Amino acid sequence: MIIRIMGEGQYEVPGSLFDELNIIDNRIVDLVGKENEADYRTELLRLIHVIKSNGKQLDDASIVESNIIVPPEDLSLQEAKEIFTGSGLLED
């Protein structure tokens, strides 16, 4: 699975990581809905960290379609309300 972190590039991540990423994604949706900015930021950073630490960064010259696009770590809570809704970034 190819995941783009906006502003940081693309990562090839094993499909076996999907469930863990989905759990974090669902937590983010819940926290954004509750307007819990501090915990939302923590979970967004966790999501990005898990992708980076388990994925292989692709060369910037490679043109590969991303399966998932993750917003940057500085995404505001207001902006997150538009992205982290329903089932979030990852479909259950």
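Preceding this paragraph is the structure being described.
The sections below set out a description of the structure shown in this document. (Residues numbered from 1 in each chain as written. Predicted model: local features only at pLDDT ≥ 70, side-chain atom pairs only at ≥ 80, totals over all residues. Heavy atoms only, no water.)

Regarding the nonpolar core
Part 1: Ranked by size, the top nonpolar core spans 25 residues in total, and within it Leu21, Tyr40, Leu47, Ile51, Val70 and Phe84 carry the most contacts.
Part 2: Listing elements by their share of this core, those giving two or more residues are strand E1 (2-5), helix H1 (18-33), helix H2 (37-54), strand E4 (68-70) and helix H3 (77-83).
Part 3: Setting aside residues up to four positions removed in sequence, Phe84 forms contacts with Asp25, Ile28, Val29, Val32, Tyr40, Leu44, Pro71, Leu75 and Leu89. (Core = buried A, V, L, I, M, F, W, Y, C linked by side-chain atoms within 4.5 Å. Buried < 20%, exposed > 50% of the residue type's maximum accessible area, 1.4 Å probe, protein only. Helix = DSSP H or I, 4+ residues; strand = E, 2+ residues; numbered from the N terminus. Contact = heavy atoms within 4.5 Å.)

Description of unusual backbone geometry
Excluding glycine, most residues fall at negative phi; most peptide bonds, likewise, are trans.
Part 1: Its identity is not glycine, yet Glu35 carries a phi of approximately 55°, on the positive side.
Part 2: If you trace the backbone, Glu35 turns up in the loop between H1 and H2.

Some thoughts on the side chain of Ser66
Part 1: Summarising the element assignment, Ser66 is placed in the loop between strand E3 (56-57) and E4.
Part 2: A relative accessible area of 19% means that Ser66 is categorised as buried.
Part 3: Here Gln10 takes part through its side chain, which lies 2.6 Å from a polar atom of the side chain of Ser66.
Part 4: Contact partners of Ser66, with chain neighbours within four places excluded, come to Ile2, Arg4 and Gln10. (Polar contact = N/O pair within 3.5 Å; in protein donor to acceptor, adjacent residues only side chain to side chain.)

Things to note about the packing of aromatic side chains
Part 1: In this structure the tally under the stated criterion is one aromatic pair.
Part 2: Measuring from ring centre to ring centre gives 6.5 Å for Tyr40 and Phe84, while their planes differ by 65°; the resulting arrangement is edge-to-face. Taken together, the positions of Tyr40 in helix H2 and Phe84 in the segment after H3 put the pair 44 residues apart, joining distant regions of the chain. Take Tyr40 and Phe84: they sit in the same class, and that class is buried. (Phe/Tyr/Trp six-rings, centres within 6.5 Å; stacked < 30°, edge-to-face > 60°.)

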